[in-house]
Each structure stands twice: as structure tokens, then as C-alpha cells.
Amino acid sequence: MEMGIDRPLYVALQYIYYFLMTNIYFMLANILFLVIFLFVELTLDNILLFYLALLPAGPAFAALFASMGKLVREKEISPTKDFWSYYKKNFMIGTKYWLLKWTILVILLLDLRYTGFNIQVLTPIIFILIIVALLILLYAFPILTRFEVKIKNLWLVAIYANFKFFKTTLLNLSTFVSLGVIYYFAPSITIWFCMSIATFFIMFNMRKPFEVMELEMSNENKERKDEKA
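Here's a quick rundown of the structure.

Calculation rules
In this convention, every chain numbers its residues from 1, walking through the sequence in written order. For a predicted model such as this one, the threshold for reporting local features is a pLDDT of at least 70, and the threshold for listing and counting side-chain atom pairs is 80 or more; totals across whole chains, interfaces and linings nevertheless cover every residue. Hydrogens and water molecules were not included; the side-chain quantities draw on all heavy atoms of the structure. Within this scheme, the nonpolar core is defined by two criteria: the residues are buried Ala, Val, Leu, Ile, Met, Phe, Trp, Tyr or Cys, and they are joined through side-chain atoms within 4.5 Å. Relative accessibility thresholds used throughout: buried, under 20% of the residue-type maximum; exposed, over 50%; partly exposed, between the two (1.4 Å probe, protein chains only). Strands here are runs of E lasting at least two residues and helices are runs of H or I lasting at least four, both read from the DSSP assignment and numbered beginning at the N terminus. The contact definition used throughout considers only heavy atoms, calling two residues in contact when any of these lie within 4.5 Å. Only the stretch in contact is used when fitting a helix axis, every axis being a line fitted to C-alpha atoms; angles between N-to-C directions are given from 0 to 180 degrees. Roughly parallel refers to an angle under 35 degrees, roughly antiparallel to one over 145, roughly perpendicular to one between 65 and 115, and oblique to any angle outside these ranges. Throughout, a crossing is termed right-handed when the near helix is turned clockwise from the far one, and left-handed when it is turned anticlockwise from it by less than a right angle. Grid points spaced at 1 Å and placed over the protein atoms alone form the basis of the search, with a cavity being a set where a 1.4 Å probe fits but cannot get out and a pocket an open set showing protein on both sides within 12 Å along at least five of seven lines. Lining residues have an atom within 4 Å of a point. Grid points are joined across faces, edges and corners, and a volume is the space filled by probe spheres set on the points. In this classification, Asp, Glu, Lys and Arg are treated as charged, Ala, Val, Leu, Ile, Met, Phe, Trp, Tyr, Cys and Pro as nonpolar, and every other residue, Gly included, as polar. Aromatic pairing here means that ring centres of Phe, Tyr or Trp (its six-membered ring) are within 6.5 Å. Orientation follows from the plane angle: under 30 degrees is stacked, over 60 is edge-to-face, and everything else is tilted. One less than the number of residues in a helix, times 1.5 Å, gives the span that helix is expected to have.

1. Section: the nonpolar core
- Judged by nonpolar contacts, the single largest core of 71 residues is most densely connected at Tyr-97 and Phe-141.
- Looking at this core, the element that brings in the most residues is helix α7 (residues 122-146), giving twelve residues.
- Not counting the four nearest positions on each side in its chain, Phe-141 is found in contact with Gly-58, Phe-61, Ala-62, Phe-65, Gly-94, Tyr-97 and Trp-98.

Next up, the structure:
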């Protein structure tokens with residue numbers, strides 16, 4: 001008798017395994033930040049220390065998004081092989097984009113710490129800029145794992161996608177807010193074990209935008225070929 005490998009329990013256990021293993025690899029890739037996260041209070045007063053510790057995180061985020069994207073598309077992954085393969089493949093662009101984005105976020109947080117709280121009119125403006133930066137981030141990493149794109153174009157496409165796919169934007173934002181709620185109400189370390197699940201939902205939400213982007217890129221390439229012909 002064949003084993004019912006499509007049974008809900010078996011599928012659920014598979015996904016738990018995928019999420020657990022990719023979380024572990026994500027934590028290993030960010031071990032410096034994890035150690036500081038465990039032993040140093042996460043406050044704006046310590047933001048520069050966390051900034052330095054999280055500088056190498058770009059490729060790890062790219063690998064996590066790419067792995068979860070493959071899981072959404074193919075329903076299965078090889079966590080060890082896929083995560084570290086995507087880590088290597090996206091190392092350069094993930095590092096370049098993350099260094100710029102993380103630096104901008106930290107500058108905004110420092111502005112909030114040393115300027116915004118003292119000047120009430122600036123506080124909501126800085127908060128809005130931080131939210132906008134995070135929304136761009138939630139599109140940029142999924143996009144760079146699926147398409148070959150330059151950093152400048154990545155920013156433009158991510159900004160454009162936030163408005164074009166507004167429903168997806170709200171879903172991505174709700175996922176990010178959920179992580180914040182978990183961090184606030186549960187032990188802080190819990191959030192580390194939710195990263196792959198949150199990333200999976202973001203990549204799941206990105207299915208329609210990816211379809212549209214791929215179609216648009218296909219049409220653009222076709223038009224270029226017709227012009228050259």
C-alpha cells in the first residue's frame with residue numbers, strides 16, 4: 001500500500017520542517033546580530049551597535065525570500081541546498097541593496113531619536129518615511145530574487161509596485177505588523193522563529209504582481225526584438 005504523502009498531516013509536517021530549517025540557516029547567517037539581540041536591549045540608544053551587527057544581513061534576507069518563493073511556486077524545497085545556493089547567488093546585489101536601505105532606515109531612526117521627538121511636527125513625517133522605506137523593502141527583496149535588476153531600477157520598480165498592487169501592499173504591511181505584535185507580546189526570541197513563515201506569506205501575496213511583472217517584461221523584450229528586426 002502506498003503511503004499517502006499528500007495527506008494534510010504529512011504536508012503540514014513538511015512545511016514545518018521547511019520553515020524550521022530555513023529559520024535556523026537564517027539565524028546562522030545573522031549570528032552576530034542574534035548574539036547582540038539576545039544580550040543587548042533593543043532601543044534607539046543602541047541603534048549604532050545594531051546597525052553594525054546587521055550590516056551583513058542582505059544576502060540572508062535574499063536567500064530567505066528566494067527559498068520561500070520557490071516553496072510557493074513548487075510546493076517543496078531542499079532547505080540546506082536552496083538557502084545557501086540562493087545566499088551565494090544573491091550575495092552581491094543583496095549586500096549592495098541592504099547596505100543602502102539599512103543605512104537609510106537607521107538615519108531615519110536616529111532622526112526620530114534625536115530630532116523628531118523634540119519637534120512634534122517632524123515626528124509623524126519621519127514615521128511616514130520609515131513606513132514607506134519598509135514597504136519598499138518588502139517589495140525589493142522579493143523582486144531581486146526573481147528578476148535580474150540593477151539597484152537603481154530596483155528602487156523604481158519597488159516604489160511603482162507599492163501603488164500598482166495596493167492590495168498586496170496592505171497584505172505585506174499586515175504581515176510586518178503581525179511580526180511587531182509577536183515581538184511585543186511574546187518573548188523577543190520568538191520573532192526569529194517566525195521569519196520564514198512571514199516571508200512565505202509575503203512571497204505568497206506576491207504571486208499576482210510577479211505574473212504581471214513577468215508579462216510586462218516579456219512584452220518589453222518582444223518589442224525590443226521587433227525594433228531591432
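2. Structural notes on the packing of helix α4 (residues 58-74) against helix α5 (residues 79-89)
- Contact pair α4 / α5: the axes reach a minimum separation of 8 Å and the direction vectors enclose 130°. Judged by the inter-axis angle, α4 sits oblique to α5. Of the two elements, α4 crosses α5, and the hand of that crossing is right-handed. On α5, the residues touching Pro-59, Ala-60, Ala-63, Leu-64, Ala-66, Ser-67, Lys-70 and Arg-73 of α4 are Asp-82, Phe-83, Tyr-86 and Tyr-87.

3. Points about the layout of surface pockets
- What the largest pocket holds in volume is close to 1,400 Å³.
- Leu-42, Trp-102, Leu-134, Phe-176 and Ile-191 are, among the 40 residues lining the largest pocket, the residues nearest its centre.
- Broken down by secondary-structure element, the contributors of at least two residues to the lining of the largest pocket are α2 (31-39), α3 (47-53), α4, α6 (91-116), α7, α9 (166-185) and α10 (195-205).
- For the lining of the largest pocket, the element with the most residues is α9, which contributes eight residues.
- Class assignment of the residues belonging to the lining of the largest pocket gives a composition of 35 nonpolar, five polar and no charged.

4. Topic: the side chain of Asn-172
- Locating Asn-172 in the fold gives a position in helix α9.
- Judged by its relative accessible area of 1%, Asn-172 falls in the buried class.
- Beyond its immediate stretch of four places on either side in the chain, Asn-172 contacts Leu-138, Tyr-139, Ile-202, Asn-205 and Met-206.

5. Digging into the packing of aromatic side chains
- All chains considered together, the criterion is met by 30 aromatic pairs.
- On the numbers, 6.1 Å between centres and 35° between planes, the contact of Phe-33 with Phe-37 is tilted. Taken as a pair, Phe-33 and Phe-37 lie in helix α2 at a separation of four residues, close to a single helical turn.
- Judged by relative accessible area, Phe-33 falls into the buried class, the value being 11%.
- Phe-37 gets classed as buried once you look at its relative accessible area, which sits at 9%.
- Plain terms: the ring middles of Phe-65 and Phe-141 are 5.9 Å apart, the flat faces sit at 5° to each other, and that makes the pair stacked. Here Phe-141 lies in helix α7 and Phe-65 lies in helix α4, a separation of 76 residues in the sequence. One exposure class covers both Phe-65 and Phe-141, and it is buried.

6. Re α4
- A rise of 1.5 Å per residue sets the reference length of α4, with its 17 residues, at 24 Å; its end C-alpha atoms lie 24 Å apart and thus fit the reference within 8%.
- By the criterion of burial, α4 is predominantly enclosed, with 15 of the 17 residues buried.
- At the exit of α4 stands Lys-75, carrying a positive phi of roughly 70°.

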